[in-house]
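An overview of the molecular structure
Below, each chain spelled out in residue letters.
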Amino acid sequence: MSLLISSPHAHGGDSIRANMLAVILALLPAAGVATYLFGWLAVFLILLCMLGCMAAEWGCLKLMKRPLSRVGDGSAALTGLLLALTLPAAIPWWMALVGCVAAIVLAKQVYGGLGHNPFNPALAARVVLLISFPLNMTSWLVPMHAPMLAALPPVDLYNFGDCWSLFWFGPEALGKGLDAITMASPLGHVKTEWSRGIGAIEALRNYDYSYLDAFLGREAGSLGETSVLALLIGGIYLLARHTITWHIPLSFIVTVYVLAAVFNAVNPEHFAPPLFHILAGGLMLGAFFMATDPVSSPVTPRGQLIFGIGCGILTWSIRTFGGYPEGVMFSILLMNCAVPLIDHYFRPRVYGK
Amino acid sequence: MNILMAILTLGGLALIASIVLAIASRVFHVEGDPMIERIDAVLPQTQCGQCGYPGCVPYATAVAGGEADVNQCVPGGERAMLAIADLMGVAPKEVEEDAGVPMLAFVREDECIGCTLCIKACPVDAIIGAPKQYHTVIEDHCTGCTLCVEPCPVDCIDMVEKTQVLEEWTWSAPGKRPALENANQNSDEVKHASGTA
Amino acid sequence: MLPALLKRFGLNQLWPTAGFPGGVHPVEHKITADSPIIELPLPPQLILPLKQHIGEICAPLVEVGEHVLRGQKIAKSQGYVSASVHAPTSGTVVAIQDHAIPHPSGMGRPCMMIEPDGKDTFDESRPPISDYRNADPAEIRERIRMSGIVGLGGAVFPTFIKMLRDQRNPVQMVILNGAECEPYLTCDHRVMLEHAADVLRGMDVIMHAVNAKNGVIAIEDNKPDAIAVMRGAIEAAGMKDVEVRSLPTRYPQGGEKQLIQTLTGKQVPEGRLPLHIGVLCQNVGTALAIHDAVCLGMPLIQRVVTVSGDAIPNPANVRVRIGTPIPFVLAQCGLQDLSGVRLIHGGPMMGERLPRTNVPLVKSTNGILAMKREALYSEQAVEEPCIRCGHCVEVCPVGLVPNELAWHCRNDQFDRGQEYNLFDCIECGCCSYVCPSHIPLVHYFRYAKGQVAKIEKERVFAEQSKVRSEARDNRLAREQAERAARRSKVRKQHAPAADGVKKTAADTKKAATTTSKTEDDKA
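Residues numbered from 1 in each chain as written. Chains lettered and ligands numbered in written order. Predicted model: local features only at pLDDT ≥ 70, side-chain atom pairs only at ≥ 80, totals over all residues. Heavy atoms only, no water.

So, a nonpolar patch on the surface
Residues and elements named next belong to chain A. Together, Tyr211, Leu250, Val254, Tyr257, Val258, Val262, Val266 and Leu275 make up a nonpolar patch on the protein surface, roughly 700 Å² of accessible area in all. Looking at the nonpolar patch, the element that brings in the most residues is helix 13 (residues 247–266), giving six residues. Mapped onto the elements, Val254 comes out in helix 13. With a relative accessible area of 41%, Val254 lands in the partly exposed category. (Patch = residues over 30% accessible without salt bridge, like charges linked within 9 Å, V, L, I, M, F, W, Y side chains within 5 Å. Areas by Shrake-Rupley, 256 points an atom, 1.4 Å probe, with all protein chains shown as cover. Salt bridge = Lys/Arg side-chain N within 4 Å of Asp/Glu carboxyl O. Helix = DSSP H or I, 4+ residues; strand = E, 2+ residues; numbered from the N terminus. Buried < 20%, exposed > 50% of the residue type's maximum accessible area, 1.4 Å probe, protein only.)

See the structure below:
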């Protein structure tokens, strides 16, 4: 009594789980930098988000009477990790949990679960949080080890007890206001200075901006987005492992660079230099880990190039002309909408036709 | 006054839009195939009458006229039902009777008295023979409608399963058990009609 | 170093590279690469299916009880696309009946059973064409046709049809396919090592028959010994117009269309034969069979087969008579007990699992794999949702979007499937091989192809039934009209008579006739 089984009878051994675990592994350097900058807070936030997403996934599967073993495929854990890395370190724990539920329930399971979500769940959840809690989502905790800060950071993040209080009870538990422990990110600073009529170059100068620190990650920002070096290590690992292909990250980053370079050449005082754009904000995290989310990105190589270019144009445009200082998240989500169309029009050429 | 303006504006817009739509529906009117023909085209043409109507065209007429349901064609099965429901723009209905394996009529020739009654009954002229001669069924033409079984006065017509030959075999969907593999698992000699044995 | 590095990162796809797009590199498992070809003894009975090729089934030429000689034609081809069957040894025909054949359905076909007499007497009626270079190409082609030679790479398309001499499309290049990209299989590899000169002569026969100027022997670079041996043989034979090309090891390099793309950079246009672009492609084993047929006068009655797999105690390359029962072959390689073992006819990528074990080895058998059931991927795989990773798109050698295609096939949307080029799929299995969700993509495509064919057949049948039904309705209507016409004629003839004399008598008579007539009609 057996089923009719078609060839092939061999398999390369790849699995969903292996892919998800590889991405989690690739994010470990970034998570490490986050811990270096934000101490115990980063550990708490990452753990909370990963557990929160897995719990939400478990609940949904239970409700929909689907095999509960799917919690173990690693996709929910990865969503949690990605979400944590896009959050500011000083976010209250319950907001992070709201994000977890939004990511798994709203952005993934209501569409039919793994493989059916049109948007990247972590990014969709981040949008929900950004719109619901704009203040908390744009207040960046002053990191340790950031040389552009003359004074010591206002919170000793190596102290487990302080972190514990800050995490669960907010800055008030330490007798401080949110303002006192947070600062602007480089992108936010440039945007604010623009609104005061100050050009980008001048703005970066009065921020004590340094390319090297941005590359290494010693600056303010979301947990996992600051260190270009750590993200590059993870990205190259994924490329070498063939979990992702070069098409989306390369076209995304190159497009941002080219656009920034052209406009910077036209008006170097006003427009930020291209290298700043490459190193700033969530570009690296987005290009290597968010835009390449297989479910919500095109499947064909040509489609992926179009997708990456679209993301790049939108990112630079939002950063330069938009209301928000950072555009990576919105650009990826907007391009996610276009994926069915891209997949339809950019199919490979069929042999002999 | 403001409310009046709003009502007038919206009403005017609605009026204009309705006029445009009315003109458009005239100008771009699509002359479709008559519904009866389109329904008839998706029916299997067995002319078996299992739907309760004396043939495929009568059933198509009944469906188009709203008298018959979309799920009455037994040999057409789910595919015909879905096609008809799609044409009629109504919700699909469950097909109650399963068509099962394809069948063929078979005349036991030594018992046949040559009365020609089955020939008259066959809707697709698939039975040949003359009065007082044995009749036989042309296998390739038989639709398996069973209409010839009843009229036979000596009851010499059987419905037999249509034998599957290798050339007609197709892959079943993944995960579904194929019909053949369970049968005859242990015997190595396989029988089918076109064999030379 | 650099190309390998580029490939690692997928950067080799940045610009068009030589060769076909996509492909995979499965674990090779070529465990029999160093095992010399073993001659197998004759089995107690041979089972010869009367159709072992693409095309029409053959008609038996001998009767049950008749004695046949080795190489004697026992079934002749019918129609153009067909290939005769020959007796693999001398013996007696004991039966002609249906028997299971190597097919995924497990169904049977008419077969001829021959009991060998052990003498193996050769049928001398077809002398070798020893001086083939001066022979008429038409004669060579006819000999190949008469010898029942089909493509031994697995497609079993009658060889003579490909060897057409067409004025409009002259053959520029003859390709000998020694790629053997399927894992496990090593039969072509061993044939090249052990019969290099004969293979080369077979190729020379083909080139002469189609008047080709160039010849290429294509071998994957995982067989450096075969490349060296073939180069040596070419030098020894002094054939200047033949060269050996070492190809990158990549499945499905040995697919005819993929191989042509790799070697010429051209694609065979849709719906055409390779001949259309001046290429003739033959398998290494086929070339050896052509050599045997032309230079030795021996038709296709045996072939080299790889017997391998993790359940085989002594994997080997064996030369077997066609028609030998597969259990006999396995027993010769040390596998007696087939419980818990799955047999695969061919390689693991394109071979078919055999639902029945007692089937004969046929012309298309290039390998028999006996795999432990619990180790067979296709038995264990559990389908998970597609995560749209796009790996299937990357590896598809014909440029399909397998994940979308499978989606439509699964939902029985066969029209959409055809829009997504369902029928261009070559079923190579690359997409299923890389799928992280273990989706049986090839199975979906086969299911859909079968359904499309079935629906089309049913449509044609329904159309014909409709025509017959309408013809019958028209005939019945016509008959009724004719009867009505006759009736009114009769009425008219009687009418004047009834008008004058004997009115009452006539009236009664007429009334009676009319009633009976009506009753007749009703009946």
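Continuing now.
A word on the domain arrangement of chain B
Residue and element names in this part refer to chain B. When cut into domains, chain B gives domain 1 (35–88) and domain 2 (101–167). Summarising the inter-unit geometry, the C-alpha centres of domain 1 and domain 2 are found 24 Å apart. The partner domain 2 presents five residues to the four residues of domain 1 that form the contact. With both sides pooled, the region where domain 1 packs onto domain 2 buries about 350 Å², and carbon together with sulfur makes up 60% of that total. Sorting the residues of domain 1 by area buried against domain 2 places Thr46, Gln47 and Cys48 first, and these three jointly supply 84% of that buried surface. Here domain 1 and domain 2 share one residue pair in polar contact (both at pLDDT 80 or more) between them. (Domains from an automatic or database assignment. Contact = heavy atoms within 4.5 Å. Buried area = accessible area lost by both parts, 1.4 Å probe. Polar contact = N/O pair within 3.5 Å; in protein donor to acceptor, adjacent residues only side chain to side chain.)

Points about the pattern of salt bridges
According to the stated counting rule, one finds 37 salt bridges over all chains in the structure shown. Here A:Arg218 and A:Asp213 are joined by a salt bridge, their closest N and O atoms 2.9 Å apart. We classify A:Asp213 as buried; its relative accessible area is 10%. When the shortest N-O distance is used, the salt bridge between C:Arg446 and C:Glu352 registers 2.6 Å. Linking C:Arg446 in helix 15 (residues 441–499) with C:Glu352 in strand 16 (residues 352–353), this pair joins segments that are 94 residues apart in sequence. Like C:Glu352, C:Arg446 is buried. When salt bridges with common partners are traced through the structure, they connect C:Arg342, C:Arg353, C:Arg373 and C:Glu379 into a single cluster.

A word on the interface of chain C and chain B
Of the residues lining the interface, 39 residues belong to chain C; the matching set on chain B comes to 42 residues. Between chain C and chain B, a total of about 3,500 Å² is buried, with carbon and sulfur atoms accounting for 54% of that surface. Together, C:Met107, C:Arg356 and C:Arg468 form the three largest contributors to the area buried by chain C at its contact with chain B, with a combined 19%. Across the contact surface, chain C and chain B share five salt bridges. A salt bridge links C:Lys457 to B:Glu168, with the nearest nitrogen and oxygen atoms 2.9 Å apart. If you look at where chain C meets chain B, you find ten residue pairs in polar contact (both at pLDDT 80 or more). Taken together, the elements giving at least two residues each to the side of chain C that touches chain B come down to strand 7 (91–100), strand 8 (108–116), strand 16 and helix 15 of chain C. Here the side of chain C that touches chain B is composed, by residue class, of 13 nonpolar, twelve polar and 14 charged. (Nonpolar A, V, L, I, M, F, W, Y, C, P; charged D, E, K, R; others polar.)

Details of a negative patch on the surface
On the surface, a cluster of negative charge is contributed by B:Glu78, B:Glu94, B:Glu96, B:Glu97, B:Asp98 and C:Asp412. Tracing the sequence through the fold places C:Asp412 in the loop between helix 12 (402–410) and helix 13 (414–419). C:Asp412 gets classed as partly exposed once you look at its relative accessible area, which sits at 41%. (Lys, Arg positive; Asp, Glu negative; His and termini not counted. Charge placed at Lys NZ, Arg CZ, Asp CG, Glu CD.)

Notes on the sheet that holds strand 6 (residues 85–86) of chain C
Residues and elements named next belong to chain C. Strand order in the open sheet formed by three strands is 3-5-6, and the pairing between neighbours is antiparallel. Two strands close off the open sheet at either side, each with one partner strand: strand 3 (59–60) and strand 6. In the sheet, strand 5 (residues 73–76) pairs with strand 6 via two bridges, with the strands oriented antiparallel. For Ala75, the partnering residue across the bridge sits in strand 6 and is Val85. (Pairing = 2+ DSSP bridges.)

A look at the packing of helix 4 (residues 93–106) of chain A against helix 5 (residues 121–132) of chain A
All names here are of chain A. One can describe the packing of helix 4 onto helix 5 by two numbers: an axis separation of 8 Å at closest approach and a directional angle of 130°. When the axes of helix 4 and helix 5 are compared, the pair comes out oblique. Along this stretch, helix 4 crosses helix 5, giving a crossing that reads as right-handed. Residues Met95, Val98, Gly99, Ala102 and Ala103 of helix 4 pack against Pro121, Ala125, Val128 and Leu129 of helix 5. Here the residues of the contact of helix 4 with helix 5 are counted per class, giving eight nonpolar, one polar and no charged. (Axes fitted to C-alpha atoms, helices over the stretch in contact; angles between N-to-C directions. Parallel < 35°, antiparallel > 145°, perpendicular 65-115°, else oblique. Left-handed = near helix turned anticlockwise from the far one by under 90°.)

Here's the deal with the packing of aromatic side chains
Evaluated as defined, the whole model comprises 21 aromatic pairs over all chains. C:Arg145 extends its terminal NZ or CZ atom over the ring of C:Phe160, reaching a point 5.8 Å from the ring centre. (Phe/Tyr/Trp six-rings, centres within 6.5 Å; stacked < 30°, edge-to-face > 60°. Lys NZ or Arg CZ within 6 Å of the ring centre and 35° of its normal.)

Brief notes about the sheet that holds strand 16 of chain C
Residue and element names in this part refer to chain C. Read from one edge to the other, the open sheet built from six strands follows the order 1-14-13-17-15-16, with strand pairing classed as mixed. Each having just a single partner strand, strand 1 (37–39) and strand 16 make up the two edges of the open sheet. As paired elements, strand 15 (residues 341–345) and strand 16 share two bridges and run antiparallel to each other. In the strand pairing of strand 16, Ile344 is matched with Arg353.

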